[in-house]
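# Structural characterization, general
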Amino acid sequence: MAVPKKRTSKQRKRKRRTHFKAQPVAVQTCQKCGDSKVPHRVCPSCGHYGDVPVLEIAAT
């Protein structure tokens, strides 16, 4: 079984993990209302998914 000869220091471990980070959230504009939304999700402001109305949003 493979066992490390020396303990990995905090600095070496953190250097290795510099590229291991969260990706930024992708944002698109809605085709109907032009508001920003997450891709492949229903638009929270108008309730459309592409050209299909999915949710009824109450006008406030």
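Rules and cut-offs
Residues numbered from 1 in each chain as written. Predicted model: local features only at pLDDT ≥ 70, side-chain atom pairs only at ≥ 80, totals over all residues. Heavy atoms only, no water. Helix = DSSP H or I, 4+ residues; strand = E, 2+ residues; numbered from the N terminus. Buried < 20%, exposed > 50% of the residue type's maximum accessible area, 1.4 Å probe, protein only. pLDDT = per-residue confidence, 0-100. Patch = residues over 30% accessible without salt bridge, like charges linked within 9 Å, V, L, I, M, F, W, Y side chains within 5 Å. Areas by Shrake-Rupley, 256 points an atom, 1.4 Å probe, with all protein chains shown as cover. Salt bridge = Lys/Arg side-chain N within 4 Å of Asp/Glu carboxyl O. Lys, Arg positive; Asp, Glu negative; His and termini not counted. Charge placed at Lys NZ, Arg CZ, Asp CG, Glu CD.

This part takes up the environment of Gln 23. Assignment of secondary structure puts Gln 23 in the loop between helix 1 (10-16) and strand 1 (28-29). With relative accessibility at 67%, the residue Gln 23 sits in the exposed group. In this structure the C-alpha to C-alpha distance between Gln 23 and Gly 50, which are 27 residues apart in sequence, comes to 25 Å.

Right, let's talk about the confidence of the model for the chain for a bit. In this model, the chain carries an average pLDDT of 91, and 97% of its residues clear a pLDDT of 70 or more. Mean pLDDT values over the elements of the chain span from 90, in strand 4 (residues 52-53), up to 96, in helix 1.

This part covers a positive patch on the surface. On the surface, a cluster of positive charge is made up of Arg 7, Lys 10, Arg 12, Lys 13, Arg 14, Lys 15, Arg 16 and Arg 17. Locating Arg 7 in the fold gives a position in the segment before helix 1. Arg 7 gets classed as exposed once you look at its relative accessible area, which sits at 81%.

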